[in-house]
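# Chain and residue survey
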Amino acid sequence: MQSLWDERVASNCKSHLELRVYSSRLLGRDPSLVLHGGGNTSVKVREVNLMGEEEEILYIKGSGWDLATIEAPGFAPVRLAPMLQLAHLESLSDPQMVNELKTRVTRASAPTPSVETILHALLPHRYVDHTHADAVVTMSNTADGPKRIRELYGDKVVIIPYIMPGFALAREVARLFQEQANADTIGMVLLNHGIFSFGDNARESYERMIKLVDMAERYLAAEGAWELSETPFTGEPVPQRQEIVQLRQQLSRKAGKPMILHVTGSARGLEFARRYDVQKVAQRGPITPDHVIRTKAIPMIGRDLDHYEKGYRDYFIAHEPSSSEHKTMLDPAPRVILDHDLGLCCAGASVSDAAIVHDIYQHTIVAIQRAERLGGWKPLPARELFEVEYWDLEQAKLKKGGTPPIFQGEVVLITGAASGIGKACVASFLARGAAVVALDLNPEITQLQSSANYLGIPCDLHSSEAVTQALECGVRRFGGIDMLLLNAGIFAASTPVAKLSDEEWRRVMAINLDANLALLRESYPLLKCAPNRGRVVIMGSKNVPAPGPGAAAYSASKAALTQLMRVLAIEWGKDGIRLNALHPNAVFDTGIWTEEILQARAQHYGLTVAQYKSNNLLGVEISSHDVAELAAALCSPLFAKTTAAQIPVDGGNERVV
Ligand code: ZN
């Protein structure tokens, strides 16, 4: 491990707080030091308040902030003196401590100070850095961990046995620090938890952290427990989407809400899932306390959820969760699944939750593999770690507030998604929290959105192979397909039937009808497993109820598609799948309509472009966004009891009403 300190950048920092932000971000940049909100840092400074009094302020990382991206407002300014007084108390409950921390900050808008605030206050150094460094925690989570750490660091660190973060830990640190610390002490190891370093300036504290962690990494290397080979996955990937959606269906049932299930495809994950002793090593416990709730501490091996639930309850329920809100986090659905065929699978209520679980478990696998080479993986039992950092999670939850977005945990597949109505649908579903699988011929579809909830796949809907592959891909990424938005279609040039060639007819039918039939048929087994029941929206056209001359192939294809939707509503109703159609008209913001064409069409009717665009009963323009919003609404619970409906989006058309 190397220092990332850059003196040129550091010299631009104008205050201790700015330096604190800079070096906190250096720590946050390395996922082997801190992952997703883990770790915390602080700095003690003297400030003059409005009354002209000088006071000592502890700037400490606030809950809900991540070291990788923290900014100055992410540090809570806490008065130091009352913190030191608190440390003299015999005991202090968690709610009392929260109250003390929250009422001793000097800025009303400050985030809640870290649960480790009193501990930081007690350490007699200006800068304090705390991480959950993989190498140190791995060493600590082995059979002879404490002994090895003592031998490696000698007088450099004070060693604290595991105690849950909070007041009791702060007091114990104060006591042991006085007993053990001397002139050589530059840090502190919290067994089964992490490591602290400190110093009089930002660089010293940061580089001591790097030095201590580097020592642990070198130690592991010398013991042959650092470098791990990764067996590349060589077999042909077998289609597994049906098994995956069924697993997700069960998972969602246990969780009581739709869950995202990410089949990671990680070679290391597959290798680990296939270890002969995976049952034994993977179930001993998590790396550090803050991983307990997020990964549920113990992974499910295989796919037997009932068996898992029993084990899970044995682990946790005996411990009696402390609050009802806490209990809701205890839904018995696993977050990590190690499956012989699927490898490492990660679940979460949202895509970002599943991604956090993925990151954490990749580190867990590496830690277990290394520890197994160093005397054997021996973490604390999950039960003892249970309550921890529930604090941070709780705070983050409060910060977010409100109800989750309507499609959170659900997946929609949208065709023709690179432009026009399809593109607008992508935005409307993303805005409602759905994970979106977007298909289009245009290769730019992969770059259309940067959200983690988005997967763009270039796909020619004529090719059944390409369609199956896209479904497989979408299911591996998110766990299923709950909603289908059939938007792709072509509008041929105006031709009277007398001049319409067979080729042209078939070309339009092939994409507007045949491709949709194939996609519906392939998606059926997936939609059937949708936790909130499958939904399909087909993009029809005003031409279905009110056809015009010159568009025979287009009108017939959309009418046939509408009829197909009606038949399927009858056939699939028993599976709870509902299908509805939208009939948009005069949507001019779709790229096909250039200013010249619009002008020509308007002139043809003796209208201005503005009049032409809003030539309907309500006198309104219809945008792609309007159509997309209605498509999303059709998939929402608002329309839960509606199937086989055909809804115009046309501002009112005399020939349709
Ligand atoms: Zn910690």
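Please refer to the structure placed before this passage.
Let us look at the structure shown here. A quick note: this is a predicted structure, and the numbers were derived from the prediction, not measured.

On to the sheet that holds strand β11 (residues 343-348), then. Across the sheet, which stays open at both edges, the four strands sit in the order β8-β11-β10-β9 with mixed pairing between neighbours. Every interior strand has two partners, whereas the edge strands, β8 (260-263) and β9 (300-301), have only one. Two strands pair when backbone bridges link them, and strand β10 (residues 336-339) and β11 are joined in this way by four bridges, in the antiparallel orientation. When the sheet's bridge partners are listed, Ile-337 is paired in β11 with Cys-345. Contacts between helix α16 (residues 351-373) and the sheet are confined to β8, β10 and β11, with β11 contributing the most and set at about 140° to the helix.

Those protein atoms acting as donors to the zinc ion are His-130 (NE2), His-132 (NE2) and His-193 (NE2), and they sit at 2.2 to 2.3 Å. Mapped onto the sequence, the donors of the zinc ion take the spacing H-x1-H-x60-H. What makes His-130 buried here is its relative accessible area of 0%. For His-132, a relative accessible area of 7% puts it in the buried group.

Our focus in this paragraph is the pairing of strand β12 (residues 411-415). Counting buried positions along β12 gives five out of five residues, so the element sits mostly inside the fold. Here β12 shows no split at all, with Val-411, Leu-413 and Thr-415 on one side and Val-412 and Ile-414 on the other all buried. Relative to strand β13 (residues 435-440), β12 is paired through five bridges, and the arrangement is parallel. Bridge pairing in β13 places Val-412 opposite Val-436.

A few words now on the pattern of salt bridges. A full pass over the atoms with the stated rule returns 28 salt bridges. Among the salt bridges present, the one from Glu-179 reaches Arg-175, with a minimum N-O distance of 3.0 Å. Here Glu-179 and its partner Arg-175 are both found in helix α8 (residues 167-180), four residues apart, which amounts to about one turn of the helix. A salt bridge links Glu-472 to Arg-241; its shortest N-O distance comes to 3.1 Å. Of this pair, Glu-472 sits in helix α20 (residues 464-478) while Arg-241 sits in helix α10 (residues 241-255); the two residues are 231 residues apart in sequence, bridging distant segments of the chain. For Glu-472, a relative accessible area of 10% puts it in the buried group. Taking the relative accessible area as the measure of exposure, Arg-241 reaches 14% and is therefore buried. Residues joined by salt bridges that share partners form a network here, namely Arg-241, Glu-472, Arg-476 and Glu-522.

What follows covers the packing of α10 against α20. At a closest axis distance of 9 Å, the pairing of α10 and α20 adopts a crossing angle of 35°. For the pair α10 and α20, the crossing hand works out as left-handed. Together, Arg-241, Ile-244, Val-245 and Arg-248 of α10 and Thr-468, Leu-471, Glu-472, Val-475, Arg-476 and Phe-478 of α20 make up the contact between the two elements.

Take the sheet that holds strand β3 (residues 75-79) next. With respect to topology, seven strands assemble into an open sheet ordered β3-β2-β1-β4-β7-β6-β5, the strand pairing being mixed. Each edge of the sheet is formed by a strand with only one pairing partner; in this case those strands are β3 and β5 (157-160). Mean inter-strand twist for the sheet, computed between neighbouring axes without regard to direction, equals 20°. Pairing geometry for strand β4 (residues 127-131) and strand β7 (residues 194-199), over five bridges, is antiparallel. Counted as the bridge partner of His-130 is Phe-196 from β7. Where helix α7 (residues 145-153) meets the sheet, its contacts fall on β5, β6 (187-190) and β7, and the angle it forms with β5 comes to roughly 170°.

The rules behind each value
- Per-chain numbering applies: the sequence of each chain, read as written, is numbered from 1 onward.
- Selection of residues for local features in this predicted model requires a pLDDT of at least 70, selection of side-chain atom pairs for listing and counting requires 80 or more, and totals for whole chains, interfaces and linings are taken over all residues.
- The side-chain figures draw on all heavy atoms in the structure; neither hydrogens nor water molecules are used.
- Two strands are said to pair when DSSP picks up at least two bridges between them.
- In this description a helix means any DSSP run of H or I spanning at least four residues, a strand means any run of E spanning at least two, and both kinds are numbered starting from the N terminus.
- Should any heavy atoms of two residues lie within 4.5 Å, those residues are considered in contact.
- A fitted line through C-alpha atoms serves as each axis, taken over the contacting stretch for helices, and the angle formed by two N-to-C directions is quoted from 0 to 180°.
- Counted as coordinating are nitrogen, oxygen and sulfur atoms within 2.8 Å of the metal, or 3.2 Å for Na, K and Ca, while water is not included, which may make sites look incomplete.
- Exposure categories follow from relative accessible area, calculated using a 1.4 Å probe and restricted to protein chains: below 20% of the type maximum is buried, above 50% is exposed, and the middle band is partly exposed.
- A pairing counts as a salt bridge when a side-chain nitrogen of Lys or Arg comes within 4 Å of a carboxyl oxygen of Asp or Glu.
- Each helix crossing is assigned a hand: it is left-handed if the near helix lies turned anticlockwise from the far helix by less than a right angle, otherwise right-handed if that turn is clockwise.

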